[in-house]
Amino acid sequence: MSSEPFKNVCLLPQTNQLTGLYTIIRDKNTVRSDFVFYSDRIIRLLVEEGLNHLPVIPKTVATHTGEDFSGVGFKGKICGVSIVRAGESMEQGLRDCCRSVRIGKILIQRDEETAIPKLFYEKLPDDISERYVFLLDPMLATGGSAIIATDVLIKRGVKPERIFFLNLICCKEGIDNYHRAHPDVKIVTGCIDKGLNEQKYLVPGLGDFGDRYYCI
Ligand code: PRP
Ligand code: URA
Ligand code: MG
């Protein structure tokens, strides 16, 4: 499904089930074990949706009934790249769908006062330029972190059309900023929130995803 006013944004179907999952993770009283469990369920849905966007080629197999089945097989190789720290929470969901998938890491942190992101570290598969890349970060707020991460991928030779940015929550400002820099990257998201507060947190949002998933 594509999300109408936004080009190159795929919004998960807004079913009651999905809204129920978001209701749990947005609730400030949700304990960490539940936050992790229900976030992981949404992450799985995002990964499954991301996989729908990969190109396939025809593939015919012989079945046990003696008849053939004309299906498809994935065409290219993929890898995941997480924006550390919060993005690492999405790695297992990708691994659950794609066994032994290669995973790269880019460490970017927003300054807590200014919300300006800084790149500290990158470690990516050598052949990343030949792969489709799932860029993993649960929050697209101002878009600054994801823009820097995507710059890194493009410098390493990845074509923008081969990058899929998977996130749980975004907002118009973040989408617009990100697509101004990287219009050809497809964003796959579960929710488009109404905006950002003064601290550049998503609202209504869920607070600090990394803290809630790993710490508090
Ligand atoms: C959060 C989040 C994104 C970024 C989004 O990370 O995981 O990486 O902020 O904000 P932006 O779109 O305005 O750049 P943060 O830097 O807080 O670090 P963390 O992953 O350790 O929580
Ligand atoms: N990072 C988060 O964890 N949450 C936000 O709302 C914005 C950035
Ligand atoms: Mg981060």
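Parameters and conventions
Residues numbered from 1 in each chain as written. Chains lettered and ligands numbered in written order. Predicted model: local features only at pLDDT ≥ 70, side-chain atom pairs only at ≥ 80, totals over all residues. UniProt positions renumbered as here; feature names shortened; annotations may be inferred. Near = placed C-beta within 6 Å. Nonpolar A, V, L, I, M, F, W, Y, C, P; charged D, E, K, R; others polar. Pairing = 2+ DSSP bridges. Helix = DSSP H or I, 4+ residues; strand = E, 2+ residues; numbered from the N terminus. Axes fitted to C-alpha atoms, helices over the stretch in contact; angles between N-to-C directions.

Identification of the protein as uracil phosphoribosyltransferase from Arxiozyma heterogenica is taken from an unreviewed UniProt entry. Looking at the protein in UniProt, the text filed under Pathway (unreviewed entry) is "Pyrimidine metabolism; UMP biosynthesis via salvage pathway; UMP from uracil: step 1/1." Under the UniProt heading Sequence similarities (unreviewed entry), the entry covering the protein gives this text: "Belongs to the UPRTase family."

For the site of ligand 2, give the residues involved together with the corresponding values.
Taken together, the neighbourhood of ligand 2 is formed by Ala86, Met139, Ala141, Tyr201, Leu202, Gly205, Asp208, Phe209 and Gly210. Residues of the shell around ligand 2, tallied by class, amount to six nonpolar, two polar and one charged.

So what about the sheet that holds strand E8 (residues 163-167)? Which residues, and what values?
Pairing is mixed in the open sheet, where seven strands are placed in the order E1-E10-E8-E7-E4-E5-E6. Strands with a single pairing partner mark the edges of an open sheet, and in this sheet they are strand E1 (9-11) and strand E6 (117-123). For this sheet the average axis-to-axis angle between neighbouring strands, irrespective of direction, equals 20°. Here four bridges tie E8 to strand E10 (residues 186-189), and the two strands are oriented parallel to one another. What sits directly across from phenylalanine 164, in E10, is lysine 186.

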